[in-house]
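The chain contents come next:
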Amino acid sequence: MIFNHKHLLGINQLTPEEIMTILDTAESFLEVSRREIKKVPTLRGRTIVNLFFEPSTRTRSSFELAAKRLSADILNFNLLASSVVKGESLKDTILNLEAMNIDALIVRHSASGAPHFISSFCKSHVINAGDGTHEHPTQALLDAFTLRQEKKHFSGLKIVIVGDLLHSRVARSNIILLRKLGAKVVGCGPPSLVPPEFKSLGMEINYNLDEAVERADAIMMLRLQLERQKKNFFPSLREYITHFSLTPQRFKRAKKEAIIMHPGPINRCVELSADLADSVHSVILKQVENGVAVRMAILYLLLGGKDRDATD
Ligand code: CP
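Basis of the calculations
Residues numbered from 1 in each chain as written. Predicted model: local features only at pLDDT ≥ 70, side-chain atom pairs only at ≥ 80, totals over all residues. Heavy atoms only, no water. Helix = DSSP H or I, 4+ residues; strand = E, 2+ residues; numbered from the N terminus. Buried < 20%, exposed > 50% of the residue type's maximum accessible area, 1.4 Å probe, protein only. Contact = heavy atoms within 4.5 Å. Areas by Shrake-Rupley, 256 points an atom, 1.4 Å probe, with all protein chains shown as cover. Lys, Arg positive; Asp, Glu negative; His and termini not counted. Charge placed at Lys NZ, Arg CZ, Asp CG, Glu CD. Near = heavy atom within 4 Å. Polar contact = N/O pair within 3.5 Å; in protein donor to acceptor, adjacent residues only side chain to side chain. Nonpolar A, V, L, I, M, F, W, Y, C, P; charged D, E, K, R; others polar. Domains from an automatic or database assignment. Salt bridge = Lys/Arg side-chain N within 4 Å of Asp/Glu carboxyl O. Expected span 1.5 Å × (residues − 1). Pairing = 2+ DSSP bridges. Axes fitted to C-alpha atoms, helices over the stretch in contact; angles between N-to-C directions.

A. Looking closely at the overall build of the protein chain. Across its full length, the protein chain holds eleven helices and nine strands. Dimensions along the principal axes, computed over C-alpha positions, put the protein chain at roughly 55 × 45 × 35 Å. Each of the 312 residues in the protein chain was classed as buried or not, and the buried ones make up 55%. Here the analysis covers contacts within the protein chain between residues at least 6 apart in sequence; of these, 73% occur between residues at least 24 apart. Surface accessibility of the protein chain: about 13,600 Å² in total, with carbon and sulfur atoms responsible for 52%. Side-chain charges in the protein chain split into 41 positive and 34 negative, and the spacing between the mean points of these groups amounts to 2 Å.

B. A look at the site of the ligand. Taken together, the neighbourhood of the ligand is formed by S56, T57, R58, T59, R108, H136, Q139, P263 and G264. R108 is positioned such that a nitrogen or oxygen atom in its side chain is 2.9 Å from an oxygen atom of the ligand. One of the backbone N or O atoms of P263 is found 2.8 Å from a nitrogen atom in the ligand. Summarising the interface, the protein chains cover 92% of the accessible area of the ligand, which totals 250 Å² for the free molecule. For the shell around the ligand, the residue count by class is one nonpolar, six polar and two charged. Two domains each put at least three residues into the shell around the ligand: domain 1 (11-135 + 289-303) and domain 2 (137-284).

C. Structural view of the pattern of salt bridges. A complete count under the given rule lists 14 salt bridges for this structure. A salt bridge links E150 to K286; the shortest N-O distance between them is 3.0 Å. Of this pair, E150 sits in helix α5 (residues 137-151) while K286 sits in helix α11 (residues 284-304), and the two are 136 residues apart along the sequence. The partly exposed category is assigned to K286, whose relative accessible area is 38%. Of the charged contacts, one joins D210 and R253 as a salt bridge, the two residues approaching to 3.8 Å between their closest N and O atoms.

D. Up close: α5. Over its 15 residues, α5 extends 21 Å from the first C-alpha to the last, a length consistent with the 21 Å expected when each residue adds 1.5 Å. The element α5 is extensively covered by neighbouring structure, given that 13 of its 15 residues are classed as buried. Once α5 ends, the next one or two residues include K152, with phi positive near 75 degrees.

E. Inspection of unusual backbone geometry at higher detail. The amide bond that connects G264 to the next residue, P265, takes the cis arrangement and shows omega of -5 degrees. Its location among the elements puts P265 in the loop between β9 (259-261) and α10 (274-277). Even without being glycine, N101 reaches a positive phi, approximately 60 degrees. By secondary structure assignment, the location of N101 is in the loop between α3 (90-98) and β3 (104-109). Notably, K152 is not glycine yet its phi reads approximately 75 degrees, a positive angle. Within the fold, K152 resides in the loop between α5 and β5 (158-162).

F. Seen up close, the sheet that holds strand β2 (residues 73-76). Taken together, the four strands give an open sheet; going across it, the order is β2-β1-β3-β4, and neighbouring strands pair in parallel fashion. The open sheet terminates on both sides in strands that have one partner only, identified here as β2 and β4 (125-131). With strand direction ignored, the average angle separating the axes of adjacent strands in the sheet is 15 degrees. Bridge count between β3 and β4: five bridges; the pairing is parallel. In the sheet register, A104 faces β4, and the bridge partner there is H125. Lying on the sheet, α11 is in contact with β1 (47-52), β3 and β4; it crosses β4 at an angle near 150 degrees.

If you want it as structure tokens, here you go:
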């Protein structure tokens, strides 16, 4: 088994072999999650803290279920009821939680780099659950797991990522991961939300959605992150929908067996039509199911090995 890390901060730190180790490990945990008794004793006695400074449905819940299915104890840190609202600093918050002898911190924060900062001084394992507009590595790993489940391989696949790439940590992690595994990645959206600099990550750009989805194997729609947009990036929502919403007519241009992905939360009738979101081509809820298995694999690989010489 190839995996030798103390923290999971970003996809950049992983080799293709390590990514495959995570996906292979997640296969067995998916089987556990589908049993009537969804529990194994792997992390009994370990303590994990969910530390979310931003809202979350999928990531937070799936990490909680993942920890519980591995028999770990999990503490859901309640930000609004914590001393952070009295002005306690991030560093002091972490140091105080660590004083209670925890083993791992799962961190979501609006500041890019927050999990990296925490990992620079804390003793626990740190898992990045989404930092600002930077990375969301566990989302990219569950997306890769879902792609492999549906397509069996990555090399040569055409994956189109559509929407607000500029503010998307999901897009950045996915581009890095998919390029490492040999897929072709095409970004599409308004030029103000798909900056040319993204080409440096190995992504092609096509600002025309009809052209971009041509012969695609998978289309990954992204949520418009209006809460992170400090200015107007496109003239109106109506115009955005006209040019960048995935409709059944547009989807016909992709391969017959193409799949539709979305990290959630979805805005029905904005990023994609409601019919497509619920269609047989959509794997959106499979992504959610796979998220628990992939996060169980990550917790197991980071915390489970007794004799591992973890380096980063
Ligand atoms: N995909 C994702 O990160 O969803 P949540 O914000 O609900 O965790």
